[in-house]
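Fold and contact review
What follows is each chain in one-letter form.
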Amino acid sequence: MIEERKRHTIYPPRSKTFSAFNFTPINEVKVVIIGQDPYHGEGQAHGLCFSVPEGVKPPPSLRNIFKEIKRDLNIKISDSGNLEKWARQGVLLINATLTVRAGEAGSHQKKGWEQFTDSVIKKLSEQKSAIIFLLWGAYAQRKAELIDTSKHHILMSTHPSPLSAHRGFLGCSHFSKTNAILKSQGLEEIDWS
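Because the structure is predicted, anything quoted here is derived from the model rather than measured.

Notes on the packing of helix H3 (residues 60-73) against helix H7 (residues 174-184)
Helix-helix packing is characterised by the crossing angle of the two axes and by the distance between the axes. Remark: H3 packs on H7, axes separated minimally by 8 Å, with the N-to-C direction vectors making an angle of 60°. Considering their axes alone, H3 and H7 lie oblique with respect to each other. The segment H3 lies against H7, with Ile65, Glu68, Ile69, Asp72 and Leu73 engaging His174, Phe175 and Ser176. The residue makeup of the contact of H3 with H7, split by class, is 4 nonpolar, 2 polar and 2 charged.

Considering the sheet that holds strand E6 (residues 153-157)
The sheet built from 4 strands is open, its strands ordered E3-E2-E5-E6 with parallel pairing. The strands lining the two open edges of the sheet, one partner per strand, are strand E3 (91-95) and E6. Direction aside, neighbouring strands of the sheet carry axes that sit 20° apart on average. Two strands pair when backbone bridges link them, and strand E2 (residues 31-35) and strand E5 (residues 132-136) are joined in this way by 3 bridges, in the parallel orientation. Bridge pairing in E5 places Val32 opposite Phe133. Strands E2, E3 and E5 of the sheet are contacted by helix H5 (residues 113-127), whose axis makes an angle of about 150° with E3.

With respect to the pattern of salt bridges
Evaluation of the coordinates by the stated rule reveals 5 salt bridges. Taking the shortest distance from any N to any O, the salt bridge between Asp191 and Lys85 comes out at 2.9 Å. With Asp191 in the segment after H7 and Lys85 in helix H4 (residues 84-88), this pair connects stretches of sequence that are 106 residues apart. For Lys85, a relative accessible area of 38% puts it in the partly exposed group. Here Arg101 ties to Glu104 by a salt bridge, and the two come within 3.5 Å at their closest N and O atoms.

Describing the nonpolar core
In terms of nonpolar packing, the biggest core is built from 48 residues, with Val32, Ile33, Ile65, Trp86 and Leu93 touching the most fellow members. Of all the elements in the fold, those that place two or more residues in this core are helix H2 (19-23), E2, H3, H4, E3, H5, E5 and H7. Sort the elements by how many residues they give to this core and E5 lands first, with 5 residues. Filtering out sequence-adjacent residues up to four positions away, Ile33 remains in contact with Cys49, Phe50, Trp86, Val91, Leu92, Leu93, Ile94, Leu134 and Trp136.

Cut-offs used in this document
Residues numbered from 1 in each chain as written. Predicted model: local features only at pLDDT ≥ 70, side-chain atom pairs only at ≥ 80, totals over all residues. Heavy atoms only, no water. Axes fitted to C-alpha atoms, helices over the stretch in contact; angles between N-to-C directions. Helix = DSSP H or I, 4+ residues; strand = E, 2+ residues; numbered from the N terminus. Parallel < 35°, antiparallel > 145°, perpendicular 65-115°, else oblique. Contact = heavy atoms within 4.5 Å. Nonpolar A, V, L, I, M, F, W, Y, C, P; charged D, E, K, R; others polar. Pairing = 2+ DSSP bridges. Salt bridge = Lys/Arg side-chain N within 4 Å of Asp/Glu carboxyl O. Buried < 20%, exposed > 50% of the residue type's maximum accessible area, 1.4 Å probe, protein only. Core = buried A, V, L, I, M, F, W, Y, C linked by side-chain atoms within 4.5 Å.

In structure tokens:
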């Protein structure tokens, strides 16, 4: 990766690569959202899947996530695409691949990141219980085989991308369902605003 960073612009910046774990320590994880790889546009990726830093316009998938939250929970659509507030409440926002070359979606797939992130998912499955995994799209849904469904909850839908959101993501009610599961376990619900 050092050579890769010397030859190419890589997102997110090195200091933000592991942000998901800094904001959501493993012992505090209640919900896991799995993305594919970071945004590959300048200034967008900051180590949390689907999230962008303050001041960056929310990309289309994130806008669809906000549309579903509005429909599901009647929460006003945010102007900010920064999801750090979710991460601080126990929502692990992890991409399967933690880095990407600028302008080249998927460029760091099958280079070792998946082994690391798969091991994180397996450890969470083994060592914790009652985590809610939100698996959006075929890529994330393949991670279901790593999760012990006798101890955890899995909610699946299509990806929130504009190409697929209307085939199941919009209308999935994953945000209210997640909070209902948390409440039934006596855990604090997520403030999705």
